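Notes for the structure review
Listed here are the chains, written in short residue letters.
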Amino acid sequence: METLQAKTRDLSVKGKKLRREGYATGSISGKAMKESLAIIMTQKDLGMFFQDHHVGSEAELSVDGTQYSVLIKSVDYDAMKRQYVDVTFQQLLNDEKIHSKAIIEFVNAEKAQGFLTKTCEEVEFVGYPKDLVDHIVIDLAKYPVGTRLTVGDLDIAKEGKLDIKTPLTDTVLHVTAHQHGKAAEVDEPEAPAEKELVTPATKEAAALAAKENK
């Protein structure tokens, strides 16, 4: 597991100054800790770290050489400035249950057998660190038209290792038939034929043409 490097934060230095210098603030908390530990991490390290991690992921954190097994609890990211502001972690203890959530990832959408309605993006639960799940993969190609998948149908709920907090009856996925509607064809009326404008000049030309043809 990738280890994120961090340093103890000097609380006399403001967050804005730290961010100008290329850092983001953070903290670690846990029942085994007397108080939360304020830390700083580089923007570069966080950018690489969050390519493979998200809220709810387990991680290893090294603070001035001391190792912590943690869970990512929250991430504050400034999209306008494209920089991390603050990240909070919870220390993991083998005998302590924690509240977390698993992100639902839908794959193979291009192979879906019908119209998809996805109404649930994550599942919240309480459990021990050894049983934690950070994401759930749902293969959309497997489900035929008529399928209604609920939280209770997912393996994370069936295995019984975790106390699921999201209602088991919540719909995760519903597959319905595509509606192949056809627009009504409308017969457009034919444009009326243009009438020839008859003038004295045209009458004279017609008479002359008739004489030449005799």
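Computed from a prediction, not measured in an experiment: that's the story for all the values here.

This next bit is on the overall build of the protein. Across its full length, the protein holds four helices and 13 strands. Expressed as a percentage of contacts within the protein between residues at least 6 apart in sequence, the contacts between residues at least 24 apart total 61%. Just so you have it, the protein exposes about 14500 Å², and 50% of that area is on carbon and sulfur atoms.

This structure, assessed with the given rule, holds four salt bridges. In this structure, K101 and E122 form a salt bridge, with 3.5 Å as the shortest nitrogen-oxygen distance. Placement of the pair is K101 in strand β7 (residues 98-107) and E122 in strand β9 (residues 122-127), with a sequence separation of 21 residues. Residue classification places K101 among the partly exposed residues on the basis of a relative accessible area of 24%. Among the ionic pairs, K165 bridges to D163, the shortest N-O distance being 2.9 Å.

Turning to a positive patch on the surface, a few remarks are in order. Taken together, the side chains of K14, K16, R20 and K81 define a basic patch exposed on the protein surface. Assignment of secondary structure puts R20 in helix α1 (residues 15-20).

Another point: the pairing of strand β3 (residues 37-42). Strand direction decides the pairing type here: strand β1 (residues 3-8) and β3, joined by two bridges, are antiparallel. The residue of β3 that forms the bridge with T8 is I39. With six bridges joining them, strand β2 (residues 23-29) and β3 adopt antiparallel strand pairing. From the neighbouring strand, I28 faces β3, where its bridge partner is L37.

Looking now at the packing of aromatic side chains. Note on aromatic pairs: each is described by the distance of the centres and the angle between the planes. Counted according to the given criterion, the structure contains three aromatic pairs. Ring geometry for F49 and F50: centres 5.2 Å apart, planes at 80°, overall edge-to-face. For the pair formed by F49 and F50, the shared burial category is buried.

Right, let's get into the sheet that holds β1. Taken in spatial order, the six strands of this closed barrel run β1-β3-β2-β6-β5-β4, and their pairing is mixed. Neighbouring strand axes in the sheet, compared pairwise and without regard to direction, differ in orientation by 45° on average.

A few words now on the confidence of the model for the protein. On average, residues of the protein score 86 in pLDDT, and 83% of them are at 70 or above. Across residues 181-203 the pLDDT falls below 50, and counting only partners more than four positions away or on other chains, this stretch makes two contacts in the model.

Bridge count between strand β8 (residues 115-118) and strand β13 (residues 171-176): four bridges; the pairing is antiparallel. Bridging from a neighbouring strand, T117 pairs with H174 of β13. Alignment of strand β11 (residues 148-150) against β13, held across three bridges, turns out to be antiparallel. When the bridges of β13 are listed, T150 appears paired with T171.

Cut-offs and rules
- Residues numbered from 1 in each chain as written.
- Predicted model: local features only at pLDDT ≥ 70, side-chain atom pairs only at ≥ 80, totals over all residues.
- Heavy atoms only, no water.
- Helix = DSSP H or I, 4+ residues; strand = E, 2+ residues; numbered from the N terminus.
- Contact = heavy atoms within 4.5 Å.
- Areas by Shrake-Rupley, 256 points an atom, 1.4 Å probe, with all protein chains shown as cover.
- Salt bridge = Lys/Arg side-chain N within 4 Å of Asp/Glu carboxyl O.
- Buried < 20%, exposed > 50% of the residue type's maximum accessible area, 1.4 Å probe, protein only.
- Patch = residues over 30% accessible without salt bridge, like charges linked within 9 Å, V, L, I, M, F, W, Y side chains within 5 Å.
- Lys, Arg positive; Asp, Glu negative; His and termini not counted.
- Charge placed at Lys NZ, Arg CZ, Asp CG, Glu CD.
- Pairing = 2+ DSSP bridges.
- Phe/Tyr/Trp six-rings, centres within 6.5 Å; stacked < 30°, edge-to-face > 60°.
- Axes fitted to C-alpha atoms, helices over the stretch in contact; angles between N-to-C directions.
- pLDDT = per-residue confidence, 0-100.

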